[in-house]
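# Architecture and fold: a report
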Amino acid sequence: GCFGGGGGGGHIPYSHASSRAIERCYQQGFQSVVVSTDKNRYTVYPLDGFQQNVSSSKRRLITRGLWFVVSQTAPPQPLSTQEGALLEDTVVSQPWTPETSSVALQGGRVVVSAAGGGFVML
């Protein structure tokens, strides 16, 4: 997984090292982990889905991104945790056939396996 903080400005990814530490915490079922940026330190609660600034105590929701939507006009955005988990479970539990396998997501969106590998959201 890859974690990022949400907020008024959208998804802000953690550094690779911080994301790995948070994912390890999540996978091992630990309550929290402290990570640092160039300006702040945060206590991250991956199982509860939020981070807290150590200095200001301000809380912000976080997202565990297993799957990302990539467009030509915007940076990658993670699917919601629930949608990512649904897609992950489906891909792991079923053999995927190029151009025929699919998963229906909320809002009428569908993810289909692409001919050259990967996935396309319709």
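To start, this report covers the structure provided alongside it.

The rules behind the values
- Residues numbered from 1 in each chain as written.
- Predicted model: local features only at pLDDT ≥ 70, side-chain atom pairs only at ≥ 80, totals over all residues.
- Heavy atoms only, no water.
- Pairing = 2+ DSSP bridges.
- Helix = DSSP H or I, 4+ residues; strand = E, 2+ residues; numbered from the N terminus.
- Axes fitted to C-alpha atoms, helices over the stretch in contact; angles between N-to-C directions.
- Contact = heavy atoms within 4.5 Å.
- Buried < 20%, exposed > 50% of the residue type's maximum accessible area, 1.4 Å probe, protein only.

On to the sheet that holds strand β11 (residues 119-121), then. Strand pairing within a sheet occurs via backbone hydrogen bonds; the two strands may be parallel or antiparallel. The strand order across the open sheet formed by three strands is β9-β10-β11, and the pairing between neighbours is antiparallel. The open sheet has two edge strands with one neighbour each: β9 (102-104) and β11. In this sheet, neighbouring strand axes are inclined to one another by 15° on average, regardless of whether the strands run parallel or antiparallel. Pairing of strand β10 (residues 110-113) with β11 involves three bridges; the strand directions are antiparallel. Paired with S113 across the strands is F119, a residue of β11. Strand contacts of helix α2 (residues 81-93): β9, β10 and β11, with the helix running at about 150° to β9, the strand carrying the most contacts.

Turning next to the pairing of strand β5 (residues 50-53). Consecutive residues of a regular strand have side chains that alternate between opposite faces of the sheet. The alternating pattern of β5 places F50 and Q52 and Q51 and N53 on opposite faces, both of which are buried. Note: strand β4 (residues 41-45) against β5, four bridges, orientation antiparallel. Within β5, the position partnered with Y45 by the bridge is F50.

If you trace the backbone, T37 turns up in the loop between β3 (33-36) and β4. Each C-alpha atom, one on T37 and one on S15, is 8.0 Å from the other, the two residues being 22 residues apart in sequence.

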